[in-house]
Amino acid sequence: MHNFTGGEFIVMGVPGLTLDRQTVDIIKRVQPAGFILFARNIKEPEQLRALTDELRKSVDQEPIITIDQEGGRVSRLKEFAVEPPSAKQLTDHGDLSLIKEHGTITGKLLRLFGFNLNLAPVLDVLVNEKNENSLKGRTYGTTPDMVVQNATAFAEAMKAEGILCCGKHYPGYSFANVDPHNDLPKLQRTQSELEGLEWQAFMAMKDMLDMIMVGHIAYPMIDPSGLPASLSRTMVHKVLREQWQFKGCTITDDMDMGAIKTGYGGAQAASSALKAGNDLMLVCHAIKSVPEIATVLKMTAPDILQTSYARVKALRSRLSKPAPFSLKAFEELDKQTAEMTAKVPVKTEAGKR
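These lines cover the structure that appears in this document, whether it is placed above or below. (Residues numbered from 1 in each chain as written. Predicted model: local features only at pLDDT ≥ 70, side-chain atom pairs only at ≥ 80, totals over all residues. Heavy atoms only, no water.)

All chains considered together, the criterion is met by 19 salt bridges. With its nearest N and O atoms 2.8 Å apart, the salt bridge here joins Lys88 to Asp92. On the criterion of helical spacing, the pair formed by Lys88 and Asp92 is a turn pair, its members being 4 residues apart in helix α3 (residues 87–93). Given the relative accessible area of 17%, Lys88 is considered buried. Taking relative accessible area as the criterion, Asp92 reaches 44% and is therefore assigned partly exposed. (Salt bridge = Lys/Arg side-chain N within 4 Å of Asp/Glu carboxyl O. Helix = DSSP H or I, 4+ residues; strand = E, 2+ residues; numbered from the N terminus. Buried < 20%, exposed > 50% of the residue type's maximum accessible area, 1.4 Å probe, protein only.)

This part takes up helix α2 (residues 45–57). Under the 1.5 Å per step criterion, the end-to-end length of α2 is 19 Å for 13 residues, consistent within 8% with the ideal 18 Å. Its buried side turned inward, α2 meets α1 (21–30), β2 (34–36), β3 (64–67), α4 (96–112) and α13 (327–342). (Expected span 1.5 Å × (residues − 1). Contact = heavy atoms within 4.5 Å.)

Of all hydrophobic cores here, the largest spans 92 residues; its most connected members are Leu55, Leu77, Phe113 and Tyr170. Not counting residues up to four positions away in its chain, the partners in contact with Leu55 are Val14, Leu19, Ile27, Phe35, Leu37, Pro63 and Ile65. Leu119, Cys166, Met211 and Met213 belong to the second-largest nonpolar core, a separate cluster that totals 19 residues. (Core = buried A, V, L, I, M, F, W, Y, C linked by side-chain atoms within 4.5 Å.)

Within this structure, the stated rule accounts for 11 aromatic pairs. The structure contains a cluster of three or more aromatic residues connected by ring pairs, namely Phe80, Phe113, Phe325 and Phe330. (Phe/Tyr/Trp six-rings, centres within 6.5 Å; stacked < 30°, edge-to-face > 60°.)

Glancing now at the environment of Ile10. Relative to the elements of secondary structure, Ile10 occurs in strand β1 (residues 10–13). On the basis of relative accessible area, Ile10 is assigned to the buried category, the value being 0%. Along the sequence, Ile10 and Val30 sit 20 residues apart, while their C-alpha atoms lie 9.0 Å from each other. Each residue touching Ile10, except ones within four places of it in the same chain, is listed here: Pro32, Ala33, Gly34, Leu280, Met281, Val283, Val290, Ile293, Ala294 and Leu297.

Enumeration over the complete set of coordinates arrives at 3 cavities of 30 Å³ or more. Within this model, the largest cavity holds a volume of roughly 70 Å³. Classifying every residue of the lining of the largest cavity gives 4 nonpolar, 5 polar and 2 charged. (1 Å grid on protein atoms, 1.4 Å probe; cavity = no way out; pocket = protein on both sides within 12 Å on 5 of 7 lines; lining within 4 Å. Points joined across faces, edges and corners; volume = space filled by probe spheres on them. Nonpolar A, V, L, I, M, F, W, Y, C, P; charged D, E, K, R; others polar.)

Turning to the packing of α4 against α13, a few remarks are in order. Packing of α4 against α13 leaves a shortest axis separation of 10 Å and a crossing angle of 160°. Classed by the angle they form, the pair α4 and α13 counts as roughly antiparallel. Two packed elements cross with a definite hand, and for α4 against α13 that hand is left-handed. For the pair formed by α4 and α13, the contact residues are Leu98, Glu101, His102, Ile105, Lys108, Leu109 and Leu112 on the first element and Ala329, Phe330, Leu333, Gln336, Thr337 and Met340 on the second. (Axes fitted to C-alpha atoms, helices over the stretch in contact; angles between N-to-C directions. Parallel < 35°, antiparallel > 145°, perpendicular 65-115°, else oblique. Left-handed = near helix turned anticlockwise from the far one by under 90°.)

Turning our attention to the pairing of β1. The alternating pattern of β1 places Ile10 and Met12 on one face and Val11 and Gly13 on the opposite face, and all of these are buried. Here β1 runs beside strand β10 (residues 280–283); their pairing, made up of 3 bridges, is parallel. For Ile10, the partnering residue across the bridge sits in β10 and is Met281. Examined bridge by bridge, β1 and β2 share 3 bridges and lie parallel to one another. Bridge assignment links Val11 to a residue of β2, and that residue is Gly34. What joins β1 to β2 is α1, and the crossover it makes is right-handed. (Pairing = 2+ DSSP bridges. Right-handed = clockwise from strand over helix to strand, strands pointing away.)

This is the structure we're talking about:
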């Protein structure tokens with residue numbers, strides 16, 4: 001029987017460009033499942049690879065090292081690399097081979113910098129560009145079929161380079177008009193409506209997704225408790241696990257977002273998320289709270305801990321080792337990104353380049 005620290009279920013952020021002593025102490029103590037990096041952790045190629053190498057050495061098992069590298073404005077590597085086109089730009093351009101190329105280059109770049117999972121692709125369907133739901137420019141289509149075709153092309157090409165993928169944001173932000181970074185969106189949609197639109201891409205792609213990200217959004221017509229999906233056993237265990245038979249890992253969106261923090265607190269919310277059937281909790285910014293969250297998580301019922309831990313272990317067995325690093329390899333990939341980006345026209349509001 002595994003002796004749990006609670007860290008087995010946490011993917012945590014780190015504060016800066018290198019690891020400070022306080023963060024190293026937290027990592028050594030908690031032994032998190034993995035790490036997520038942001039712009040604050042990224043300055044130049046050698047520094048980034050040194051950081052992921054250091055993170056690997058700081059834990060006893062191969063860690064998940066992840067990032068949001070979708071393309072467009074959600075491209076964390078743009079701190080020093082060419083920004084690739086967004087999902088929407090690629091979709092509007094309509095050339096599937098370029099979407100595959102984007103997946104291939106993304107996979108190679110992430111592997112070079114020591115990552116093994118990308119929190120992409122976005123599987124939300126675009127229904128209204130004016131909705132304040134954080135999805136602007138990030139969607140692969142206005143119909144589920146379009147999303148499945150384009151997101152699959154990207155994810156398969158990236159996975160072929162050894163980078164695992166994560167479909168997001170289940171159960172769907174498409175109709176939300178509140179950004180969950182700020183507050184909890186609540187949508188009055190039935191299960192049959194969701195199955196007819198928002199859930200189609202997830203259901204079609206569930207067997208190729210290594211992970212599904214569960215968002216902070218409430219659907220009271222499905223779970224009358226009004227809980228965010230990330231904390232809802234109905235949404236995670238009943239729908240994803242029992243009805244869809246999804247076998248991969250689930251990860252919550254950041255437990256530090258306004259939608260959770262304002263109404264549900266930190267450590268207790270993480271405990272609720274684990275009981276709901278989530279395997280991994282994202283703790284991106286509240287790094288000092290990680291030990292407290294771990295302590296609460298390890299007190300969860302042993303059968304819940306064992307079930308989630310088995311799925312995390314299965315995911316870990318598929319993580320790829322980093323590619324050998326060289327600045328030359330990065331420069332070549334950056335050049336390929338620039339060449340690919342040049343093929344995708346950027347439309348202004350007036351429809352002109």
